[in-house]
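The primary structure of each chain is shown beneath.
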Amino acid sequence: MENYGVDRLGIAPSAVYRNLCPAELVEKTIIRGEGRLTDKGALLVNTGKYTGRSPKDKFIVDSEGVHENISWGNVNRPVSREVFNSIKKDMIEYMNNKEVFIFDGFAGADKKFTRKFRVINELPSQNLFIRNLLIRPTEEELKNFGEADFTILAAPGYKCAPEKYGINSEAAIIIDYEAKFAIIAGSAYSGEIKKTVFAVMNYVMPVEENILPMHCSANMDPETGDTAVFFGLSGTGKTTLSADPSRKLIGDDEHGWSDEGIFNFEGGCYAKCIDLEEEREPEIYNSIRFGSVVENVVVDNNRVPDYYDDTITENTRVGYPVDFISNAQIPGIGGIPKVVIFLTADAFGVLPPISKLSRNAAMYHFVTGFTSKLAGTERGVTEPVPTFSTLFGEPFMPLDASVYAEMLGERLDKYGTDVYLVNTGWSGGPYGVGSRMKLKYTRAMVTAALKGDLKNVHYIHNDTFNLDVPVSCPDVPSDILDPRDTWEDVTAYDVQAKKLAGMFKENFEKKYPNMPDEIKDAGPKG
């Protein structure tokens, strides 16, 4: 029996399956009683206790080879190699006499920078998920795959003993950059596998390739080839806004920016399903079909999903190959971005719906990464919570923020890329009082930015947030562009705006005391 190297790990499986097709993986899941089909044929699974990422259970092995590179702290928590190897050993023993599912695939659509990943799964449904999310090799590429650049072992059924290992819970997501190996124990939430790949790329791309890794979506104009990238945390609209039927989708979440352009790290999309409607998001809606993996969505007796039902979690998800999107750019490669858009979901309801940023302001907001964690994205988050996530992806960035920030600044200087801050959050009041910005207006603002319609319009300066706000935008009511005008009580707006501006300043001074003054001065004034 060909076991593709699992014997070298010490696993003695009952069977090894490598790069099975979707039909085989779906069959395996259903036969094992681990999932069922929706009315459209998508594989539906319940991830159990963990319905979102578990950041407090994420660690990095503190080894001599990487110690000086990692930005250690509350996000990048160190763990010894002894602990890592001990958990890994116990996971391997747990996998004995079980079916093992392997997917060998690629991260990085640009062949010059591609990395080979081997993902070893306990669950066939998770193997289908990562098959969808990574770049799938051709038969010839699979035949000549050879050794992987990085290996991930995912065993949700193995529960850690936290008191034994000195960790937080039964779950553990640990990366050993030097050994080129990662383990994911205790959690069946497939997003942990996807983000582990991302965290690996976020280390190797800057260190080995001088490429800026970005937590962003990207698309391009099919006629001009002009590209745009959308930064933002989960739930801020990266997937929705980049899945524009009038543009080619390069990717919805993870990209690299080289001297030649941008490229997708992935071969698939991982979209939120909550409140999903065909009319508003047809590309995502119609991608929920055979071959896709749906997590924690409630269905009726006829297996019809109810995307408004958050009984299990608000963080309902679907993972599907990018070519399920009719206008996907294959391979996921584009030119130098003409426009960069920072997406934020402001639960205070005080930021303008769109602002044009100078180079220094762009650097400030990139480093700051203000948004609101939306319900369900992480365990324990049940309502929007204001947060500052460095680089719009702090949990996945192992290096110091200045490394990534300087790389972005160099590219903005070199290419003259326009940068905008777009608030997809609340207007007319804070969360619970105001309302979420209408998607059609956000789309219109983004379209205007991409077409260059906002280059020459008149702007007014918002003194509190130190932002330049357009007074007009095609297909957007002018009275919503100034957020103060949308509040019934402008005094209450001023109080909330000053409060948020103060949070910006406090966060920046605490986290980035060594940032140059010209960047610090580009932020809110309060």
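Above: the structure in question.
Residues numbered from 1 in each chain as written. Predicted model: local features only at pLDDT ≥ 70, side-chain atom pairs only at ≥ 80, totals over all residues. Heavy atoms only, no water.

A. How the structure looks around the packing of helix H4 (residues 124-133) against helix H7 (residues 191-209). Two elements in contact, H4 and H7, have axes whose closest approach is 10 Å; the angle formed by their N-to-C orientations is 40°. As the angle between them shows, H4 and H7 are arranged oblique. Every pair of crossing elements has a handedness; the one defined by H4 and H7 is right-handed. Contact residues: Gln126, Phe129, Ile130 and Leu133 in H4; Gly191, Ile193 and Lys194 in H7. For the contact of H4 with H7, the class distribution of residues is four nonpolar, two polar and one charged. (Axes fitted to C-alpha atoms, helices over the stretch in contact; angles between N-to-C directions. Helix = DSSP H or I, 4+ residues; strand = E, 2+ residues; numbered from the N terminus. Parallel < 35°, antiparallel > 145°, perpendicular 65-115°, else oblique. Left-handed = near helix turned anticlockwise from the far one by under 90°. Contact = heavy atoms within 4.5 Å. Nonpolar A, V, L, I, M, F, W, Y, C, P; charged D, E, K, R; others polar.)

B. Just empty space enclosed by the protein, in detail. In this structure the tally under the stated criterion is three cavities of 30 Å³ or more. The computed volume of the largest cavity comes to approximately 100 Å³. Forming the walls of the largest cavity are Arg53, Ser54, Pro55, Lys58, Ile173, Ile175, Glu192, Lys195, Thr196, Ala199, Pro395 and Phe396. Only strand E9 (172-176) and H7 provide two or more residues apiece to the lining of the largest cavity. When residues in the lining of the largest cavity are grouped by element, the largest group, four residues, is from H7. Tallied by class, residues from the lining of the largest cavity come to six nonpolar, two polar and four charged. (1 Å grid on protein atoms, 1.4 Å probe; cavity = no way out; pocket = protein on both sides within 12 Å on 5 of 7 lines; lining within 4 Å. Points joined across faces, edges and corners; volume = space filled by probe spheres on them.)

C. Fine view of the pattern of salt bridges. Following the criterion strictly, the structure yields 28 salt bridges and no others. Salt-bridge contacts for Asp90 lead to Lys164; the nearest nitrogen and oxygen are separated by 2.9 Å. Of the two residues, Asp90 is situated in helix H3 (residues 81-95) and Lys164 in helix H6 (residues 162-165); the sequence distance between them amounts to 74 residues. The residue Glu260 makes a salt bridge to Lys112 at a minimum N-O spacing of 3.2 Å. Residue Glu260 is found in the loop between strand E14 (254-257) and strand E15 (262-264), and its partner Lys112 is found in the loop between strand E6 (99-107) and strand E7 (115-121); the two are separated by 148 residues along the sequence. The exposure class assigned to Lys112 is partly exposed, which follows from its relative accessible area of 47%. Via salt bridges that share partners, Lys194, Lys195, Lys238, Asp253, Glu254 and Glu266 belong to a single interconnected network. (Salt bridge = Lys/Arg side-chain N within 4 Å of Asp/Glu carboxyl O. Buried < 20%, exposed > 50% of the residue type's maximum accessible area, 1.4 Å probe, protein only.)

D. The arrangement of the nonpolar core in detail. Residues Phe117, Tyr177, Phe231, Phe342 and Phe465 are the most contacted members of the largest nonpolar core, which totals 98 residues. With nine residues, the single largest contributor to this core is H7. Each residue touching Phe465, except ones within four places of it in the same chain, is listed here: Val350, Leu351, Tyr493, Ala497, Leu500, Ala501, Phe504, Gly523 and Pro524. Membership of the second largest hydrophobic core comes to 26 residues, among which are Ile87, Met91, Ile92 and Met95. (Core = buried A, V, L, I, M, F, W, Y, C linked by side-chain atoms within 4.5 Å.)

E. Spotlight on the packing of aromatic side chains. For the structure on display, the rule yields 28 aromatic pairs. A cation over a ring is seen here: Lys195 above Phe396, with NZ or CZ 4.6 Å from the ring centre. Sitting over the face of the ring of Tyr420, Lys356 holds its NZ or CZ atom 5.7 Å from the ring centroid. (Phe/Tyr/Trp six-rings, centres within 6.5 Å; stacked < 30°, edge-to-face > 60°. Lys NZ or Arg CZ within 6 Å of the ring centre and 35° of its normal.)

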